[in-house]
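Geometric and topological summary
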Amino acid sequence: LANAAVDADDFERLATIGRRRLVAGDFTGAVAALEAALTLWQGDPYADFPDVEFALHARTRLVGIHAVAVEDLAEARLESGAITAVVADLERLVSTDSSREHAWALMMRALYAGGRPQDALVAFQRARRALAEEFGLVPGPELRDIERRVLEHDPELMVAHRTELPPAMRARADEFVGRAVEQIQLVGGPHVVG
């Protein structure tokens, strides 16, 4: 149990670091941290304690963190242009939890960026069907937006479209939340006139 707890703590810590790096625009750093986190994931957490209440709660929480880490890794890889393993990872995730709309949207982006627009649209239909049949839901705004962009052949879906922040700014990324103009100026984007 002690080793499992240590692995779980290390997994959660690395997943958190990966998410922070992704949000900060450090896609390379995010990939490294998230890959390290996911290598610690070995099967069902606390499987030796199926009926112990603390293990049930811990397992549910860790499974949720794992799903977000898989999505974050896929997004970091997409943003850095490395899309090869993204579809397979997301396919595994949605096969266990088809309610994860962000995973479906990322899969559609990866398929489209990989030159498979028809498969991206098939993924949307699969997601729509699963959400309707299993949960009585319709696709949310993110999925509908990706479908629209695929149908319109949005060129931004073909390439990584976010720029990594310069290293000096990554540490200060939290200071710029909600300050899009300053972020664009920092990464050398277009000048915005207010």
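Just above sits the structure.
Please read all numbers here as calculations on a predicted model, not as lab measurements.

The rules behind these values
Along every chain, residues carry numbers that run from 1 in the direction the sequence is written. Reporting in this predicted model follows two pLDDT cut-offs: at least 70 for local features of residues, and 80 or more for side-chain atom pairs to be given and counted; totals over whole chains, interfaces and linings ignore these cut-offs and use all residues. Side-chain metrics in this entry use all non-hydrogen atoms of the structure; hydrogen atoms and water are not considered. In DSSP terms, a helix is any run of H or I states spanning at least four residues, a strand is any run of E spanning at least two, and both are numbered starting from the N terminus. Note on exposure labels: buried denotes an accessible area under 20% of the residue type's maximum, exposed denotes more than 50%, and partly exposed covers the range between, all computed with a 1.4 Å probe on protein chains only. We call two residues in contact whenever any of their non-hydrogen atoms come within 4.5 Å of each other. Where accessible areas are quoted, they stem from the Shrake-Rupley method and a 1.4 Å probe; at the residue level, only the protein chains shown are allowed to cover. Here a pair means two rings of Phe, Tyr or Trp (six-membered ring of Trp) with centres within 6.5 Å. Their orientation is stacked below 30 degrees between planes, edge-to-face above 60, and tilted elsewhere. Put simply, a nonpolar core is a bunch of buried Ala, Val, Leu, Ile, Met, Phe, Trp, Tyr and Cys residues held in one set by side-chain atoms that sit within 4.5 Å of each other. For the purposes of these results, a polar contact is taken to be a pair of N or O atoms within 3.5 Å, where, inside protein, one atom must be able to donate a hydrogen and its partner to accept one; residues adjacent in sequence count only when each atom of the pair is a side-chain atom. The axes used here are C-alpha line fits, helices contributing only the stretch in contact, and every angle between their N-to-C directions lies in the interval 0 to 180 degrees. Should an angle lie under 35 degrees it is considered roughly parallel, over 145 roughly antiparallel, and from 65 to 115 roughly perpendicular; all remaining angles are considered oblique. Here is the rule for handedness: rotate from the far helix to the near one, and if that takes an anticlockwise turn smaller than a right angle the crossing is left-handed, while a clockwise turn gives right-handed. For this classification, Asp, Glu, Lys and Arg are treated as charged, while Ala, Val, Leu, Ile, Met, Phe, Trp, Tyr, Cys and Pro are nonpolar and the rest, including Gly, are polar.

A few points about the overall build of the chain
What the chain contains, in helices and strands, is nine helices and zero strands. Listing each helix as α and each strand as β along the chain from the N terminus yields α-α-α-α-α-α-α-α-α. For the chain, the residues scored as buried account for 38% of the 194 residues in total. For the chain, restricting intrachain contacts to residue pairs at least 6 apart in sequence, the fraction spanning at least 24 positions comes to 56%. For the chain, the exposed surface amounts to about 10,900 Å²; the carbon and sulfur share of it is 56%.

A short note on the environment of Val-31
By the element assignment, Val-31 lies in helix α2 (residues 27–39). Along the sequence, Val-31 and Ala-74 sit 43 residues apart, while their C-alpha atoms lie 8.5 Å from each other. Setting aside residues no more than four positions away along its own chain, Val-31 makes contact with Leu-73, Ala-76 and Arg-77.

Regarding the packing of aromatic side chains
In this description, an aromatic ring pair is defined by two values, namely the gap between the centres and the angle between the planes. With the rule as written, the count across this model stands at one aromatic pair. Centroid distance Phe-11 to Trp-41: 5.1 Å. Interplanar angle 50 degrees. Geometry classified as tilted. Linking Phe-11 in helix α1 (residues 2–23) with Trp-41 in the loop between α2 and α3 (53–79), this pair joins segments that are 30 residues apart in sequence. Judged by relative accessible area, which is 1%, Phe-11 ranks as buried.

A look at the nonpolar core
In terms of nonpolar packing, the biggest core is built from 42 residues, with Leu-90, Met-107, Met-108 and Leu-143 touching the most fellow members. Those elements that place two or more of their residues in this core are α1, α2, α3, α4 (86–96), α5 (101–113), α6 (117–135) and α7 (141–151). With nine residues, α5 is the single largest residue contributor to this core. Those residues in contact with Met-107, other than ones at most four positions away along the chain, are Val-87, Leu-90, Glu-91, Val-94, Ala-123 and Arg-126.

Notes on unusual backbone geometry
Phi is positive for His-153, close to 55 degrees, though the residue is something other than glycine. Secondary-structure assignment places His-153 in the loop between α7 and α8 (167–170). Residue His-153 is classed as exposed on the basis of its relative accessible area of 53%.

Regarding the side chain of Asp-26
The topology assignment puts Asp-26 in the loop between α1 and α2. Looking at Asp-26, the relative accessible area reads 12%, which means it is buried. Of note is the side chain of Asp-26, whose polar atom sits 2.9 Å from the backbone nitrogen of Gly-29.

Section: the packing of α3 against α4
Where α3 contacts α4, the axes come no closer than 10 Å and their chain directions differ by 160 degrees. Considering their axes alone, α3 and α4 lie roughly antiparallel with respect to each other. Remark: the crossing between α3 and α4 carries left-handed chirality. From α3, Ala-67, Val-70, Glu-71, Ala-74, Arg-77 and Leu-78 reach across to α4, where they touch Val-86, Asp-89, Leu-90 and Leu-93. Grouping the constituent residues of the contact of α3 with α4 by class yields seven nonpolar, no polar and three charged.

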